[in-house]
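Structural overview for review
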Amino acid sequence: MKVIFGKYVDNNSFLTKVDVRIKLFITLLLMVISFFNLNFYVYLGYFLVVLLITLLAKLSLKPILTFFKNTWVLITIILIINLLVSGGSVLFSIGKVNVYLNGIVDTAYIVLRILMILMISSLLTSSSRPSELTYGME
């Protein structure tokens, strides 16, 4: 069975039984938290919590990772820009162009945020029928 990213999956998990208004509020809250400027260990813990919720909801990570795999061009562009314009210690230089170590760290944060947002949005759409989402937003 091929699962599409964000498609409703009726797997009788605890997440499908939660009221959609609560899921919408928690999804919004988790997405806002994703953009806070936190340290790496807090992000890692946050990512593990979202991953645990995904696994407890009996959702497959394969659609998320497949979707994420298709964004590598965007991630590469972000990495190149961050390597060239971030300040901090110089990793190496090519002629007059400096490549900064902070660029790698900044890109890792951005990629982690994108992955978390994809996982959070997938949790919402995979555990709620579209009609439930409509009524919940109403």
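Above this text sits the structure in question.
Before going into details, it helps to say that this report is about the structure given with it.

About the cut-offs
Residues numbered from 1 in each chain as written. Predicted model: local features only at pLDDT ≥ 70, side-chain atom pairs only at ≥ 80, totals over all residues. Heavy atoms only, no water. Pairing = 2+ DSSP bridges. Helix = DSSP H or I, 4+ residues; strand = E, 2+ residues; numbered from the N terminus. Axes fitted to C-alpha atoms, helices over the stretch in contact; angles between N-to-C directions. Parallel < 35°, antiparallel > 145°, perpendicular 65-115°, else oblique. Contact = heavy atoms within 4.5 Å. Nonpolar A, V, L, I, M, F, W, Y, C, P; charged D, E, K, R; others polar. Buried < 20%, exposed > 50% of the residue type's maximum accessible area, 1.4 Å probe, protein only. Salt bridge = Lys/Arg side-chain N within 4 Å of Asp/Glu carboxyl O. Arc of directions from axis to C-beta.

1. Concerning the pairing of strand 1 (residues 90-94)
- As paired strands, strand 1 and strand 2 (residues 97-100) are joined by 4 bridges and run antiparallel to one another. Each residue of the ladder has a partner; that of isoleucine 94, found in strand 2, is valine 97.
- Here strand 1 folds back onto strand 2 in antiparallel fashion, the turn holding 2 residues, of which glycine 95 has a positive phi close to 65 degrees.

2. Here we look at the packing of helix 2 (residues 20-34) against helix 7 (residues 130-137)
- Put simply, helix 2 and helix 7 touch, their axes get as near as 9 Å, and they point 75 degrees apart. As far as their axial angle goes, helix 7 and helix 2 are roughly perpendicular. When helix 2 is examined against helix 7, the residues Val20, Arg21 and Leu24 are found in contact with a partner set consisting of Glu132, Leu133, Gly136 and Met137.
- Looking at the contact of helix 2 with helix 7, its residues break down into 4 nonpolar, 1 polar and 2 charged.

3. Details of the environment of threonine 27
- Its place among the elements puts threonine 27 in helix 2.
- Owing to a relative accessible area of 11%, threonine 27 belongs among the buried residues under this scheme.
- Separated by 101 residues in sequence, threonine 27 and serine 128 place their C-alpha atoms 12 Å apart.
- Excluding residues within four positions of it along the chain, threonine 27 makes contact with Ile120 and Leu124.

4. Remarks on the pattern of salt bridges
- With the rule as written, the count across this model stands at 2 salt bridges.
- One salt bridge in this structure joins arginine 21 and aspartate 19, with 2.8 Å as the shortest N-O distance.
- Classification of arginine 21 by relative accessible area gives exposed; the value is 55%.
- Accessibility expressed as a relative area gives 33% for aspartate 19, which makes it partly exposed.
- When the shortest N-O distance is used, the salt bridge between arginine 129 and glutamate 132 registers 3.7 Å.

5. Here's the deal with helix 4 (residues 62-69)
- When we look at burial in helix 4, the residues that qualify are Pro63, Ile64 and Phe68. All buried residues of helix 4 project into a common sector of 135 degrees when viewed along the axis, lining one side. Opposite its buried face, helix 4 presents the exposed residues Lys62 and Lys69, each directed more than 90 degrees away.
- Each element contacted by the buried residues of helix 4 is listed here: helix 5 (72-85) and helix 6 (101-127).

6. Some words on the packing of helix 2 against helix 6
- In the contact formed by helix 2 and helix 6, the axes pass within 10 Å of each other and the chain directions differ by 175 degrees. Regarding the angle of helix 2 to helix 6, the classification is roughly antiparallel. Residue-level inspection shows Lys23, Leu24, Thr27, Leu30, Met31 and Ser34 of helix 2 in contact with helix 6, the latter providing Arg113, Met116, Ile117, Ile120, Ser121, Leu124 and Ser127.
- Along the lines of polarity and charge, the residues of the contact of helix 2 with helix 6 split into 7 nonpolar, 4 polar and 2 charged.

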